[in-house]
Amino acid sequence: CARHNARKLRQPEPYLEDYTNDNKLISFSHRVLIISKFYYRTAGLLIADKKYLRGILYLLLSIVIKPSYTVPRLWKQKFSQKLKADTATLYFPN
């Protein structure tokens, strides 16, 4: 009986209306971000599997779709570490 009462009280329609009436631009922006993340991760997997051409293609697609996500992430993962290593050898040579 309690389960039946809970179903009566819980009506998802108002929540669904809020979700569907959301700003279409925000929804589009969110989808673009998801697609860019997917392509970025796919590129990483392809490059790890030594499928460089396809990996670079997916990386370029990710950059074209959402450069504000891909470029900073790529910088943090690859180039900033190399830059730190290079500057460390300048200041502390072996």
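Up top you'll find the structure we're talking about.
Just so you know, these numbers come straight off a predicted model, no measurement behind them.

What counts as what
- Residues numbered from 1 in each chain as written.
- Predicted model: local features only at pLDDT ≥ 70, side-chain atom pairs only at ≥ 80, totals over all residues.
- Heavy atoms only, no water.
- Helix = DSSP H or I, 4+ residues; strand = E, 2+ residues; numbered from the N terminus.
- Expected span 1.5 Å × (residues − 1).
- Buried < 20%, exposed > 50% of the residue type's maximum accessible area, 1.4 Å probe, protein only.
- Arc of directions from axis to C-beta.
- Patch = residues over 30% accessible without salt bridge, like charges linked within 9 Å, V, L, I, M, F, W, Y side chains within 5 Å.
- Areas by Shrake-Rupley, 256 points an atom, 1.4 Å probe, with all protein chains shown as cover.
- Salt bridge = Lys/Arg side-chain N within 4 Å of Asp/Glu carboxyl O.

Explain helix H4 (residues 52-65) here, please?
Along an α-helix, residues three or four apart share an orientation, since each turn contains 3.6 residues. With 14 residues, H4 should cover 20 Å at 1.5 Å per step; its first-to-last C-alpha distance of 20 Å lies within 8% of that length. When H4 is considered as a whole, its buried residues turn out to be Gly55, Leu59 and Ser62. Seen from one end, H4 has its buried residues packed into an arc of 60°, which puts them on one side. Every exposed residue of H4 that faces more than 90 degrees away from the buried side is listed here: Leu53 and Val64.

Would you mind showing me how to read a nonpolar patch on the surface here?
Residues Ile35, Leu57, Leu61 and Ile65 make up a contiguous nonpolar surface patch of roughly 300 Å² in combined accessible area. Per element, the largest residue contribution to the nonpolar patch is three residues, and it comes from H4. You can see Leu61 is positioned in helix H4. The partly exposed category is assigned to Leu61, whose relative accessible area is 34%.

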